[in-house]
Amino acid sequence: MTDKSIQVDHYLSIAKNLNNVESVVQLILKVVESPSVYTFSEFLELPFFQTLKKDTINSQYYCLLELFSYGTFSNYNSNKNQYPELNTASITKLRHLSIISIASKNRTIPYKYLSEQLQINNVRELEDLIIDAFYSNIIKGKLDQLNNQLEIEYTIGRDVTDEQVDDILNVLDNWCKNCDFALKTIEAQITKANSFKQNQNEKQANIEQEVLNLKKTIMIQNQESESLNMSKESKKSQKTKGQRVSSGGKISSSGTK
């Protein structure tokens, strides 16, 4: 269990035992500025916390929890009258949460876009905010100062609404369909490759057999040629012997006379 999870559990154990509005309001303010708490939906689900939604005086604190659960700094900036005034720590944290939300849609975020969404016009101040998020381990990435953009490698997760869950399920469903299509494509390619390999093996076997047959033919031809040469040599030898015998006979006949 991480330090952040331990801190969330700590605040939740306190929240479950609260039974008055003032204590709930004070806990909400602590939670939204805490550097260790980045998920808030479990607080929203607590029965006593939900009573704040109908409290005309304190409903803004429930809205504040919803803002930190699902919203962004842009939402806060557009509807400040719906929320209590935030201190510096809470504003910084909301901006960090906003970066997480932006990063979920785009892994390369221009400084210009971040400046507009976070209402920070000074580049150095923007980079300091991002670096602080790096050190808090809520995002990982690098600052591309040459191209004035933030490159995201990883972010922690945020709470999601029911509508967002449906969107996530649709994305996962499409991903599964794409995976299924990809697997079928890969299987088809494997079948095609195996068929090609088999054809190549058969061709190779045929070539080797033809080479073997050719070698046998050449060997037989060589043997026949050698046999023919031997036969010719034998006949030539016999002819030569016959000539010698004939020549010898003539000498013998001359001597008798």
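Residues numbered from 1 in each chain as written. Predicted model: local features only at pLDDT ≥ 70, side-chain atom pairs only at ≥ 80, totals over all residues. Heavy atoms only, no water.

Student: Looking at this model, I keep getting lost on the confidence of the model for the protein chain. Mind explaining?
Tutor: Atomic detail in the predicted coordinates should be set aside for any region of low pLDDT. Per-chain confidence: the protein chain averages 86 in pLDDT, with 87% of residues scoring 70 or above. In the model of the protein chain, helix α10 (residues 162-256) stands out as the element of lowest mean pLDDT, 76, in contrast to strand β1 (residues 108-110), which has the highest, 97. Counting interchain partners and residues more than four positions distant, the pLDDT-below-50 stretch residues 251-257 has zero contacts. (pLDDT = per-residue confidence, 0-100. Helix = DSSP H or I, 4+ residues; strand = E, 2+ residues; numbered from the N terminus. Contact = heavy atoms within 4.5 Å.)

Student: Would you take a moment to explain the pairing of strand β2 (residues 139-144) for this structure?
Tutor: Moving residue by residue along a regular strand, the side chains alternate between the two faces of the sheet. Here six bridges tie β2 to strand β3 (residues 149-155), and the two strands are oriented antiparallel to one another. Counted as the bridge partner of Leu-143 is Leu-150 from β3. Hairpin connection of β2 to β3: four residues between the antiparallel strands, including Asn-148 at a positive phi of 55°. (Pairing = 2+ DSSP bridges.)

Student: Quick question: what am I supposed to make of the pattern of salt bridges here?
Tutor: In a structure, side chains of opposite charge can pair up when their charged atoms sit close to one another. By the definition in use, this model includes three salt bridges. Residue Asp-128 is joined to Arg-124 by a salt bridge in which the shortest nitrogen-to-oxygen separation is 3.4 Å. A residue pair is termed a helical-turn pair when its members lie 3 or 4 positions apart in one helix, as Asp-128 and Arg-124 do in helix α9 (residues 123-135) at four residues. Its relative accessible area of 58% is what places Arg-124 among the exposed residues. (Salt bridge = Lys/Arg side-chain N within 4 Å of Asp/Glu carboxyl O. Buried < 20%, exposed > 50% of the residue type's maximum accessible area, 1.4 Å probe, protein only.)

Student: Would you take a moment to explain the environment of Thr-92 for this structure?
Tutor: Examined against the element boundaries, Thr-92 turns out to sit in helix α7 (residues 88-103). Distance in space between the C-alpha atoms of Thr-92 and Leu-118 is 9.6 Å, their sequence separation being 26 residues. Those residues in contact with Thr-92 that lie beyond four places of it in its chain are Leu-129 and Asp-132.

Student: So what exactly am I meant to see when it comes to the sheet that holds β3 here?
Tutor: Neighbouring strands of a sheet are bound in pairs by backbone hydrogen bonds; such pairs are parallel or else antiparallel. Read from one edge of the open sheet, three strands run β1-β3-β2, paired in antiparallel fashion. Because the sheet does not close on itself, it has two edges, and the strands there are β1 and β2. Across the sheet, the axes of successive neighbouring strands diverge by a mean angle of 25°, strand direction being ignored. Running over the sheet, α7 touches β1, β2 and β3 and is turned about 85° from β3. Here α9 sits on the sheet and contacts β2 and β3; the angle it forms with β2, its principal contact strand, is near 145°. (Axes fitted to C-alpha atoms, helices over the stretch in contact; angles between N-to-C directions.)

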